[in-house]
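Spelled out from the first residue to the last, the chains are:
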Amino acid sequence: MNRGGSSPSAAANYLLCTNCRKVLRKDKRIRVSQPLTRGPSAFIPEKEVVQANTVDERTNFLVEEYSTSGRLDNITQVMSLHAQYLESFLRSQFYMLRMDGPLPLPHRHYIAIMAAARHQCSYLINMHVDEFLKTGGIAEWLNGLEYVPQRLKNLNEINKLLAHRPWLITKEHIQKLVKTGENNWSLPELVHAVVLLAHYHALASFVFGSGINPERDPEISNGFRLISVNNFCVCDLANDNNIENASLTGNSFGIVGSLSELEALMERMKRLQEEREDEEASQEEMTTRFEKETKESLFVVSGDTFHSFPHSDFEDDMIITSDVSRYIEDPGFGYEDFARRGEEHLPTFRAQDYTWENHGFSLVNRLYSDIGHLLDEKFRMVYNLTYNTMATHEDVDTTMLRRALFNYVHCMFGIRYDDYDYGEVNQLLERSLKVYIKTVTCYPERTTKRMYDSYWHQFKHSEKVHVNLLLMEARMQAELLYALRAITRYLT
Amino acid sequence: MEKMSRVTTALGGSALTGHTMHCHLDAPANAISVCRDAAQVVVAGRSIFKIYAIEEEQFVEKLNLRVGRKPSLNLSCADVVWHQMDENLLATAATNGVVVTWNLGRPSRNKQDQLFTEHKRTVNKVCFHPSEAHVLLSGSQDGFMKCFDLRKKDSVSTFSGQSESVRDVQFSIRDYFTFASTFENGNVQLWDIRRPDRCERMFTAHNGPVFCCDWHPDDRGWLATGGRDKMVKVWDMTTHRAKEMHCVQTIASVARVKWRPECRHHLATCSMMVDHNIYVWDVRRPFVPAAMFEEHRDVTTGIAWRHPHDPSFLLSGSKDSTLCQHLFRDASQPVERANPEGLCYGLFGDLAFAAKESLVATDSGRKPYAGDRRHPIFFKRKLDPAEPFTGLASSALSVFEMEPGSGSMSWFVDTAERYALAGRPLAELCDHNAKVARELGRNQVAQTWTMLRMIYCSPGVVPTTNLNHSVGKGSSCGLPLMNSFNLKDMSQGLGSETRLDRSKGDTRSDTVLLDSSATLITNEDNEETEGSDVPADYLLGDVEGEEEELYLLDPEHAHTEEPEYVLPQEAFPLRHEIVDTPPGPEHLQDKAESPHVSGSEADAASLAPVDASFSLISVSHALYDSRLPPDFFSALVCDMLRFYAEQGDVQMAVSVLIVLGERVRKDIDEQTQEHWYTSYIDLLQRFCLWNVSNQVVKLSTSRAISCLNQASTTLHVNCSHCKRPMSSRGWVCDRCHRCASMCAVCHHVVKGLFVWCQGCSHGGHLQHIMKWLEGSSHCPAGCGHLCEYS
């Protein structure tokens, strides 16, 4: 569609990686070429999404019904590849933003902004800055956290922990929020806020993971919008389809030709299915497998391109970060590997002892009625969503793969399922995919197109979006479980 | 008799004895099960698996089945069951999907017998066949149920629920081949153990997961199920379609349900979250639990009746790492604590009152409003001989009719509407409210407001008129007297007096604002004159005692004693902030002014020690000068509030509470405040004073109250064409795909405020309609109606 040409202002839409920047410094005349795709996603060719869209009246219907902005935004467009899921997603999002709930509307959007800011997701921030003002929020608040009431500011701590290290949340944190005299949160309000925070952290993962482009026609700027930036460098996008280049596929699976890669995966799935019956791993082995998986995720380094440079290298250029940072405190606080915390045991979260179905649901629903049902439906939907296809193959039972993805995300947050053999993760998820998963769930802002492209070459984009949905929901559930467990402990 | 003998035979001649007792476990329990000899209990959890002997006074650890150095996940138990035929046989379900059987007869330390690793996911439940020694059934998260024959290494048959995870499986006690299973999606299925291909019957029992079920030990067709939807349902399975016989609504999701032995209608439940108590319900009486055990500090995870024929011993294990034996006779019985009285107003103010007969009989003599206005009609309820709660069931119902006019509560409504509760300095609020009260002829209340003003707003601004009020009190006609100068002249003409009142009130507040020092001087004069006229006894020094007396003395005031009094308010748009920081700034200001004031009135300093009986005038003086801290009075004020509340005038209590805010809040305990607020709000709503009640909710500082405004704030609308509810959005009907509310001016859908003419029912955006009607008086839709907007 209307590409912006290579005007300097358009160039500002993308971050520059250090390499490009060096080149640019040397020679000011070089113009950065514009990325080719201007669809909803920087990763997915426009036609893939649009094709699916035109057919789908249902999506439009849903958008009309549940969208708060009243337009078909890029997230929705990309998600509409999975219309079934889209409905439960939009419905729950609409419910937490617009329907019956303890928090006033502008507060809800402000909380969304705070959550998105943890991951420097300017896309979501801009979106909610608009909505915040539209719902009658006080513009002054948008100047940063110092300008908001103490009560909202208090949420900052839990926002930070929830986003990066949810396992650190304790009942003391809850107590601090609930019992602070005049600035206290009532439990229903707190639950509402926690649901919003978790939702927007997870959504930020999706936005980065799917390379959602900034909305094309930002409404008249209100001065609070951040410069819409994609966190991908143009050079990264230009390397389109650079499969061979994928430096990350360096392990055992990497060398396998891309077509046989898919078959190999299916082969492994089949084998695992059969193996189950005869070979049973001993207990100790199961435990070590979990530990290995958590530990291994340590070495799955997510740093790619410029992000692996020490901060000081590009600090002066990171305008966005400073812009975003007004909504957060302690911007340096980030994900830290669950297994690393040297001092051995912060105990793993045993999934069976606090499940969403048994415990989380009851608590959420008790304090913030009906959201439980909507979230329940959404989790179920994403977990069970399947078209029984894998790339070109049809009639495949993908349960294992889905479960592996879901549990791997939980594993990175220290949630362990007794009845899951973490060896499966190793078998099913190749290294480049693990890198991608870890980046998307833990440091979404560092996702690059190269990572997105480097795994599952044969798979359709819609399948990769499906992966993103799984990651997003798994992450949201993990955050909710930790937060709700803390609230439960506070209550008992 | 027959039952008794059965118990004794079953117990081998000796009845069970024991106490309510508990013992500490090392780790949280997930499930418990009792041996058939009723003398041992097994506790299983993630990191505990032990057998305890139940002795007279205590639990004694008998055996630790968790052996081996490395704790294996096979030992992380989700469920445990003890065979009811063979006391050496146990089975556990592990969180990693393994089913383990244990043989206590094994000579080695490790009693583990067999290991079935057929389930892929966590096994939620295991169950032995009640009469077959070797049959074990398991239900798992993977959606399958498996039947094992313990003599074989593998499962005999696998049942696929075809739906989601299995949460519970239970063999029927009477039907040899039948078992029931419950599912995460709310279904209950009935299976024949011989037919693994499909279930016999399936029905949806709950909304959301069904966590548990239990067959009735005697009634062959009855199955109780408990679910996440907080319900316990009892189904009759003998009929063609499962029929819901009873339904008990609990307060939290139901984790376990167990029928109570020998009591046909009793069952015990415990919950999965939030609520830690164990309840025993009579299913015919689903609203109040028959008994309640409150020993646990964390959620109860397992319950079991100690003996299948003894209804009095219940064992329970909990996440708080304790094992308890509860004795039924030690249970707390909520029924006893429940209010056996019911009270209800009829449409025309009639009052119906139901209570225990005995209570009514003794009480009738001393009801304050008994006398002439009471025309009780008595009904007696026929007793159902089967009804177990006979003691409580015999009740009397009295109906009190209202004499026309006598019950008029217009003063209540007026006060509620006119009182100002916030948004102005405290002094003004008090003045305003005093004025309102006075105009409504409620002198005592007015007086109280004035006093409050004096106590909490330091000097300067106390207007004379208020002081004079105390004098008015004394007058038998109960009329408000505004000013002592008028006292004598005016005591005859009611009407004129009231009018005068008003005008005085107004001018007074004006002056106050203009120049406080000037008024002060005049005040002083007035006071003095007044003081000489007034018998000191009438001045209210001691708020509580004095007022009470007044009430008693003055029959004319009797009507004010009726149970509902209420609030004053004016519909000010109030902000939350105001609640939290009551007019602090003004307070300071007042203080700042006080020095020069006190200088001019040095004489009063000596009055500082406040005594209950000093005259009103001196109070004001004392305040001016020595500036007693307002805290000094707070105890008194609190007593006063309680007094009003007890008199039934919650309106006053709550209004003062709100107006004074922080000043007194901390001296009254939260619960009382909450109680006042709820009563008042209830009253307001009864009188349809929605705005006022909302304001009160908003201004309340009690968390429980302000939550009220945050719940169910949705308004559902119906489509104007098809009359169906528009559930998803308020402006487009899903059914007829039409927009329900179009703006007559701009022809767009109205999503926010919709204003319409009640004459022609056309309308639209508030702004648009307002604008339109400025320019035209006809309806914008062109229907020709002359719309009015006001």
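Residues numbered from 1 in each chain as written. Chains lettered and ligands numbered in written order. Predicted model: local features only at pLDDT ≥ 70, side-chain atom pairs only at ≥ 80, totals over all residues. Heavy atoms only, no water.

Going by what an unreviewed UniProt entry lists, chain B is known as GATOR2 complex protein WDR24 and is assigned to Rhinolophus ferrumequinum. Its UniProt record gives chain B the following Pathway (unreviewed entry) comment, quoted word for word: "Protein modification; protein ubiquitination." Listed in UniProt under the heading Catalytic activity (unreviewed entry), the comment for chain B reads: "S-ubiquitinyl-[E2 ubiquitin-conjugating enzyme]-L-cysteine + [acceptor protein]-L-lysine = [E2 ubiquitin-conjugating enzyme]-L-cysteine + N(6)-ubiquitinyl-[acceptor protein]-L-lysine." (UniProt positions renumbered as here; feature names shortened; annotations may be inferred.)

Under the annotation held in an unreviewed UniProt entry, chain A carries the name Sestrin 3 and is attributed to Rhinolophus ferrumequinum. Recorded in UniProt under Sequence similarities (unreviewed entry), the annotation for chain A is "Belongs to the sestrin family."

Scanning chain B from terminus to terminus reveals 22 helices and 34 strands. Counting only residues that meet the buried cut, chain B has 52% of its 790 residues in that class. For chain B, restricting intrachain contacts to residue pairs at least 6 apart in sequence, the fraction spanning at least 24 positions comes to 51%. If you sum the accessible surface of chain B, you get close to 36400 Å²; carbon and sulfur atoms cover 53% of it. (Helix = DSSP H or I, 4+ residues; strand = E, 2+ residues; numbered from the N terminus. Buried < 20%, exposed > 50% of the residue type's maximum accessible area, 1.4 Å probe, protein only. Contact = heavy atoms within 4.5 Å. Areas by Shrake-Rupley, 256 points an atom, 1.4 Å probe, with all protein chains shown as cover.)

A few words now on the interface of chain A and chain B. The partner chain B presents 40 residues to the 37 residues of chain A that form the contact. Buried area between chain A and chain B, both sides added, is near 3500 Å², and the carbon and sulfur share of it is 47%. Counting across the chain A and chain B interface gives four salt bridges. The closest approach of N and O atoms between R46 of chain B and D418 of chain A, which form a salt bridge, is 2.7 Å. Viewed at the interface, chain B and chain A are joined by 10 residue pairs in polar contact (both at pLDDT 80 or more). Contributions of two or more residues to the side of chain A that touches chain B are made by α4 (57-66), α14 (283-299), α16 (356-367) and α17 (371-384) of chain A. The element best represented in the side of chain A that touches chain B is α16 of chain A, accounting for seven residues. Tallied by class, the residues present in the side of chain A that touches chain B amount to eight nonpolar, 11 polar and 18 charged. (Buried area = accessible area lost by both parts, 1.4 Å probe. Salt bridge = Lys/Arg side-chain N within 4 Å of Asp/Glu carboxyl O. Polar contact = N/O pair within 3.5 Å; in protein donor to acceptor, adjacent residues only side chain to side chain. Nonpolar A, V, L, I, M, F, W, Y, C, P; charged D, E, K, R; others polar.)

Bringing the nonpolar core into the picture now. Ranked by internal contacts, the top residues of the largest apolar core, which has 143 residues, are Y110 and L124 of chain A. For this core, the element with the highest residue contribution is helix α22 (residues 461-491) of chain A, accounting for 17 residues. In contact with Y110 of chain A, other than residues within four places in its own chain, are F132, W141, L142, G144, L145, V148, L152 and Y327 of chain A. W411, A434, A446 and L689 of chain B belong to the second largest nonpolar core, which has 53 residues in total. (Core = buried A, V, L, I, M, F, W, Y, C linked by side-chain atoms within 4.5 Å.)

This brings us to the sheet that holds strand β17 (residues 201-204) of chain B. Residue and element names in this part refer to chain B. Here four strands make up an open sheet; going across it, the order is β14-β15-β16-β17 and the pairing antiparallel. Looking along the sheet, the strands with just one partner apiece sit at the ends: β14 (166-171) and β17. Direction aside, the axes of adjacent strands within the sheet are offset by 15 degrees on average. As paired elements, β14 and strand β15 (residues 178-183) share five bridges and run antiparallel to each other. Following the sheet pairing, F171 is matched in β15 by F179. (Pairing = 2+ DSSP bridges. Axes fitted to C-alpha atoms, helices over the stretch in contact; angles between N-to-C directions.)

A few words on the side chain of R167 of chain B. Along the chain, R167 of chain B falls in strand β14. A distance of 2.8 Å separates a polar atom in the side chain of R167 of chain B from a polar atom in the side chain of E184 of chain B. If we ignore the near neighbours within four places in the chain, the residues touching R167 of chain B are N358 of chain A together with N124, K125, T182, F183, E184, V210 and F211 of chain B.

This paragraph deals with the environment of N691 of chain B. Relative to the elements of secondary structure, N691 of chain B occurs in helix α20 (residues 690-699). Distance from N691 of chain B to E417 of chain B, taken between C-alpha atoms, is 8.8 Å for residues 274 residues apart in sequence.

Moving on, we get to the state of the cysteines. All names here are of chain B. This model, assessed by the stated rule, comprises zero disulfides over all chains. No disulfide involves C23; its sulfur sits 8.4 Å from that of C324, the nearest cysteine. A residue is classified by how much of its surface remains accessible, and C23, at 13% relative accessible area, is buried. (Disulfide = S-S within 2.5 Å.)

Next up on the list: the packing of aromatic side chains. Residue and element names in this part refer to chain B. Using the criterion set out here, one finds 31 aromatic pairs over all chains in the structure. Ring centres of F159 and F179 lie 5.1 Å apart, and the angle between their planes is 75 degrees; this geometry places the pair in the edge-to-face category. Here F159, found in strand β13 (residues 155-160), pairs with F179, found in strand β15; they are 20 residues apart in sequence, far enough to count as distant. Here F159 matches F179 in class, with each residue buried. Ring geometry for F203 versus W235: centroids 4.8 Å apart, planes at 55 degrees, classification tilted. With a gap of 32 residues between them, F203 in strand β17 and W235 in strand β20 (residues 231-236) connect regions that are remote in the sequence. Under the relative-accessibility criterion, W235 is labelled buried at 5%. (Phe/Tyr/Trp six-rings, centres within 6.5 Å; stacked < 30°, edge-to-face > 60°.)

Below, the discussion takes up the pairing of strand β3 (residues 40-45) of chain B. All names here are of chain B. When you tally the buried positions in β3, you get six out of six residues, the bulk of the element. Of the two faces of β3, the one carrying Q40, V42 and A44 and the one carrying V41, V43 and G45 are both buried. Where strand β2 (residues 31-34) lies against β3, four bridges are found, and the strand directions are antiparallel. Following the sheet pairing, V34 is matched in β3 by V41. Here β2 hands over to β3 after five residues, with A38 in that stretch at a positive phi of 60 degrees. Inspection of the sheet shows β3 paired to strand β4 (residues 48-54) by six bridges, in the antiparallel sense. Bridge pairing in β4 links V43 to K50. Taking the residues between adjacent antiparallel strands as the criterion, β3 and β4 are bridged by two residues.

Here we come to helix α5 (residues 410-418) of chain B. Residue and element names in this part refer to chain B. Buried within α5 are the following residues: W411, F412, T415 and A416. All buried residues of α5 fall inside an arc of 130 degrees around its axis, so they share one side. On its buried face, α5 is in contact with α6 (426-439), α17 (650-660), α19 (670-686) and α20. (Arc of directions from axis to C-beta.)

Now for the sheet that holds strand β9 (residues 112-116) of chain B. Residues and elements named next belong to chain B. Reading across the sheet, the four strands line up as β6-β7-β8-β9 and stay open at both edges, with antiparallel pairing between neighbours. Looking at the sheet topology across the chains shown, the edges are occupied by β6 (77-82) and β9. Put simply, the sheet's adjacent strands are angled 20 degrees from each other on average, direction ignored. In this structure, strand β7 (residues 89-94) lies alongside strand β8 (residues 99-103), joined through five bridges in antiparallel fashion. When the sheet's bridge partners are listed, L90 is paired in β8 with W102.

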